[in-house]
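# Working through the structure, step by step
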Amino acid sequence: NTDWYNELYKKQTLSHDHNVTIQGGGEKADFLVSGHFYGQDGLFKYNSDDYKIYNIRAKGSAQILPWLKVSNNFDFSQINYHNPLTVADGSVWYGLEGEGLPVATMFNPDGTLTMAAAYSIGDLWYGKSYTNYEKRITRNTSSFEATFLENTLRLKGDITFRNADDNNTTKRSPVPYSTKQGVISYLGSSTDDFKEENAVTKYLATNLYAEYEPTIGDNHYLKGMVGYNYEQSTYKEVSTRRNGLIFDDAENINMANGSAIAVNSEYDKWRIAGGFFRLNYAFKNRYLLEVNGRLDGSSKFPSDQQWSFFPSVSGGWNIAREEFFSDWSNLFSTLKLRASWGQLGNTDTKDAWYPFYQTMPTGTATGTWLVDGTKPNVAGLPGIVSSLKTWETIESWDVGLDWALLGNRLTGLFDYFTRYTYDMIGPAPELPGVLGASPPKINNSDMKSYGFELELSWRDRVGDFNYGAKFVLSDAKQKITRYPNESRSLDIAHYNGKMLNEIWGYTTVGIAQSQ
């Protein structure tokens, strides 16, 4: 009559959340310092899956000169999570499904684990197998704003760094159990090892831009901006595993002395840079125009494909400001018709970070011939790369209507959009087998997205009581318009005309009534 889930879970758990904040300042300077701790005890009765997070934030700003203001925002967080493992298959629930029978017991009369317990929750009770996750994130943003010409010219800049450190340790230790008095067996004798993983991501971003907003009369509004952006990210990972734990409570890889040693590493780096501009113009707040442009470059493409220009333009007409609409001005405060068109680039192509470099597969002691009595290290032929791989381009068209009436208590908007994604990275083209190598992926796919959004909001106040309600209705569809699947085979991811998330099924032509 063993209740295995009662043995697995606690009857209750405790979590606690603590916050402290100190802030102050004056006319020319201000600061804020805050701390946060959250702890949550795990659900498992043994080898509990506990979770903790720590966070510290400090930010402040100072008016150094009448025309210069500087600010800084610092944040540090650390997350710790203890994940218990089972050496049988890694999942305690899978073990319970096969071995957690009510007729089986947790312990033998001599206090040793039964085989049923070892294959289910006995590993948690033993408490020697786990993964400890530790993640630390440090972020800091420093910025400045300088104003000139009576605040019509503003120069702004910022620099951000973010370091993310992941340090994970995994230990797997055999679980002792007994099926015969005085005889101890071990579950997972081949998973007696310790693993350390260390990964560091270093991210840097900087922005520098200038805004010019002159005063040119009561009827005209003009604002211009030009700027520069740079980002880079470096990722480095090293992991080491070794078997042969000297004792079950080992907490370091130096406490293992087995001959099965595995070392792996990874290194990635990317950079993007770009210049951008924006121009805004309005006439009597009736006719609105905005023009944007970006020249972006990415290290993820060959040198002659790294740079691309992406423009956009939008316009609006505030009908409520027109003289012919004055008879309705008491009802409508806003009635704006707008339209936009623009392009953006995408470098997140879900392909290799360096798709233009040829890479050679290597193997350690995997040769098929013996050299001096041992298998040699080997390297294979590199694959083919594409010299034409470049940006995916996302082109968007949008028309919409905004309105506000009854003293801005009733507001709403309607949007209809069409978005085209050109030159998506698709599958490699099919080439004759005599090529002798796998062809590379290329920009050979397009997709169309379209849909609408309707939003209605009501906000009002009755005495000291504020209330509001919102209704939103939206729909969007995606259609593949170009894809290298001429046979329209369903065994390939997409085909021309496919609607994403479509469902295929069989329809009957009738039910057989006789033989």
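Here we summarise the structure given alongside this text. Given the structure is predicted, the values throughout are model-derived calculations rather than measurements.

Across its full length, the chain holds four helices and 20 strands. Taking 515 residues into account, the globule formula puts the C-alpha radius of gyration at 24 Å, and the chain, at 32 Å, lies well above it. Principal-axis analysis of the C-alpha atoms gives the chain an extent of 100 × 70 × 70 Å. Considering the chain as a whole, with its 515 residues, one finds that 31% of them fall into the buried category. Across the chain, the fraction of contacts at a sequence separation of at least 24, relative to all contacts at a separation of at least 6, is 62%. As presented, the chain carries roughly 31,800 Å² of accessible surface, and 55% of it is formed by carbon and sulfur atoms. Each charge class in the chain was averaged separately, 49 positive and 59 negative side chains, and the resulting centres sit 3 Å apart.

Judged by side-chain polarity, Ile 64, Leu 65, Trp 67, Val 70, Phe 144, Phe 148, Leu 149, Leu 155, Leu 208, Tyr 212 and Tyr 228 come together as a nonpolar surface patch covering roughly 970 Å² of accessible area. Among the secondary structure elements, those contributing two or more residues to the nonpolar patch are strand 3 (51-65), strand 5 (130-148) and strand 9 (193-212). As for its placement among the helices and strands, Leu 149 is situated in the loop between strand 5 and strand 6 (153-172). The class of Leu 149 is exposed, set by a relative accessible area of 58%.

Once that is clear, we can look at helix 2 (residues 92-99). Taken residue by residue, helix 2 has Val 92, Gly 95 and Leu 96 as its buried positions. End-on, the buried residues of helix 2 take up no more than an arc of 100 degrees, which puts them together on one face. Turned more than 90 degrees away from the buried face of helix 2, the exposed residues are Tyr 94 and Glu 97.

Time to look at the pairing of strand 11 (residues 261-283). Successive side chains on a regular strand alternate, one facing one side of the sheet and the next facing the other. Across 23 bridges, the pairing between strand 10 (residues 220-243) and strand 11 is antiparallel. Each residue of the ladder has a partner; that of Glu 237, found in strand 11, is Glu 266. In terms of strand pairing, strand 11 meets strand 12 (residues 287-298) through 12 bridges, oriented antiparallel. Within strand 12, the position partnered with Arg 278 by the bridge is Asn 292. Counting the residues between successive antiparallel strands, the hairpin from strand 11 to strand 12 contains three residues, one of them, Lys 284, with a positive phi of roughly 55 degrees.

The subject of this paragraph is the nonpolar core. Trp 4, Leu 8 and Ile 121 are the most contacted members of the largest nonpolar core, which has 17 residues in total. Where this core is concerned, the elements lending two or more residues are helix 1 (4-8), helix 2, helix 3 (115-118) and strand 7 (175-180). At three residues, the largest contribution of residues to this core is made by helix 3. Beyond its immediate stretch of four places on either side in the chain, Leu 8 contacts Leu 43, Phe 44, Lys 45, Val 92, Trp 93, Leu 96, Ile 121 and Leu 124.

As enumerated under the stated definition, the model contains 22 salt bridges in all. Notably, a salt bridge pairs Glu 134 with Arg 136, separated by 2.4 Å at the nearest N-O pair. The shortest N-O distance in the salt bridge between Arg 286 and Glu 322 comes to 3.6 Å. Of this pair, Arg 286 sits in the loop between strand 11 and strand 12 while Glu 322 is found in the loop between strand 13 (307-318) and strand 14 (332-346), placing the two residues 36 residues apart along the sequence. Residue Arg 286 shares its accessibility class with Glu 322, and that shared class is buried. Taken together, the salt bridges that share partners define one network made up of Arg 154, Lys 156, Glu 211, Glu 213 and Lys 223.

The next thing to look at is the side chain of Thr 138. Here Thr 138 lies in strand 5. If we skip the residues at most four places from it in the chain, Thr 138 touches Phe 74, Asp 75, Phe 76, Phe 161, Arg 162 and Asn 163.

Moving on, we get to the packing of aromatic side chains. Counting across every chain of the model gives 17 aromatic pairs. A network of ring pairs unites the aromatic residues Tyr 5, Tyr 9, Phe 44 and Trp 93 as a single cluster. Residue placement shows Lys 128 over the ring face of Tyr 126; its charged tip is 5.6 Å from the ring centre. Of note, Arg 162 hangs over the ring of Tyr 203, and the distance from its end group to the ring centre comes to 4.6 Å.

Where strand 3 lies against strand 4 (residues 68-84), 14 bridges are found, and the strand directions are antiparallel. Bridge pairing in strand 4 places Ser 61 opposite Ser 71. Adjacent in sequence and paired antiparallel, strand 3 and strand 4 are bridged by two residues. Pairing of strand 4 with strand 5, which is carried by 17 bridges, proceeds in the antiparallel orientation. When the bridges of strand 5 are listed, Gln 78 appears paired with Arg 136.

Looking at where Phe 44 falls in the secondary structure, it is placed in the loop between strand 2 (29-40) and strand 3. Residue class for Phe 44 comes out buried when judged on its relative accessible area of 7%. When residues no more than four places from it in sequence are discounted, the contact partners of Phe 44 are Leu 8, Tyr 9, Lys 10, Asp 49, Pro 84, Val 92, Trp 93 and Leu 124.

What follows covers the side chain of Lys 498. Along the chain, the position of Lys 498 falls in the segment after strand 20 (465-482). The residues touching Lys 498, leaving out its near neighbours within four places in the chain, are Gln 478, Lys 479, Ile 480 and Ala 493.

Within the element layout of this structure, Glu 251 appears in the loop between strand 10 and strand 11. It is 68 Å that separates the C-alpha atoms of Glu 251 and Trp 317, two residues lying 66 residues apart in sequence. With residues near it in sequence (within four places) discarded, Glu 251 still touches Tyr 130, Lys 171 and Phe 194. Among the polar contacts made by the side chain of Glu 251, one reaches the side chain of Tyr 130 at a distance of 2.9 Å.

Quick notes on the rules
Along each chain, residues carry numbers from 1 onward, in the same order as the chain's sequence is written. Whole-chain, interface and lining totals are the exception, using all residues; otherwise, since this is a predicted model, local features are given only for residues with pLDDT of at least 70 and side-chain atom pairs are given and counted only at 80 or more. The side-chain values count all of the structure's non-hydrogen atoms but skip hydrogen atoms and water molecules. Think of it this way: any DSSP run of H or I at least four residues long counts as a helix, any run of E at least two long counts as a strand, and we number them from the N terminus. Each radius of gyration is computed over the set of C-alpha atoms, and the globule rule expresses the reference value as 2.2 Å times the number of residues to the power 0.38. Three exposure classes are used, based on accessible area relative to the maximum for each residue type with a 1.4 Å probe and protein chains only: buried under 20%, partly exposed in between, and exposed over 50%. Here, two residues are considered to be in contact whenever any of their heavy atoms come within 4.5 Å of each other. The Shrake-Rupley method, run with a 1.4 Å probe sphere, supplies the accessible areas, and residue values consider only the shown protein chains as cover. Charge counting treats Lys and Arg as positive and Asp and Glu as negative, with His and both chain ends excluded. Where a charge lies is defined by one atom per residue type: Lys uses NZ, Arg uses CZ, Asp uses CG and Glu uses CD. Only residues above 30% relative accessible area that lack a salt bridge enter a patch, with like-charged residues linked at up to 9 Å and the nonpolar side chains Val, Leu, Ile, Met, Phe, Trp and Tyr linked at up to 5 Å. The salt bridge criterion pairs a side-chain nitrogen of Lys or Arg with a carboxyl oxygen of Asp or Glu, the two atoms within 4 Å. Working definition: the arc comes from the directions between the helix axis and the C-beta atoms, pointing outward to the latter. When DSSP finds two or more bridges between a pair of strands, those strands are recorded as paired. Here, the term nonpolar core denotes a set of buried Ala, Val, Leu, Ile, Met, Phe, Trp, Tyr and Cys residues that are joined through side-chain atoms within 4.5 Å. Classification of ring pairs rests on two measures: the distance between centres of Phe, Tyr or Trp rings, Trp counted by its six-membered ring, which must be within 6.5 Å, and the angle between planes, read as stacked under 30 degrees, edge-to-face over 60 and tilted in between. By definition here, charges over rings are those cases where NZ of Lys or CZ of Arg is within 6 Å of the ring centre and within 35 degrees of the ring normal. Polar contact criterion, stated in full: a pair of N or O atoms within 3.5 Å, where within protein one must be able to donate a hydrogen and the other to accept it, and residues adjacent in sequence count only if both atoms are side-chain atoms.

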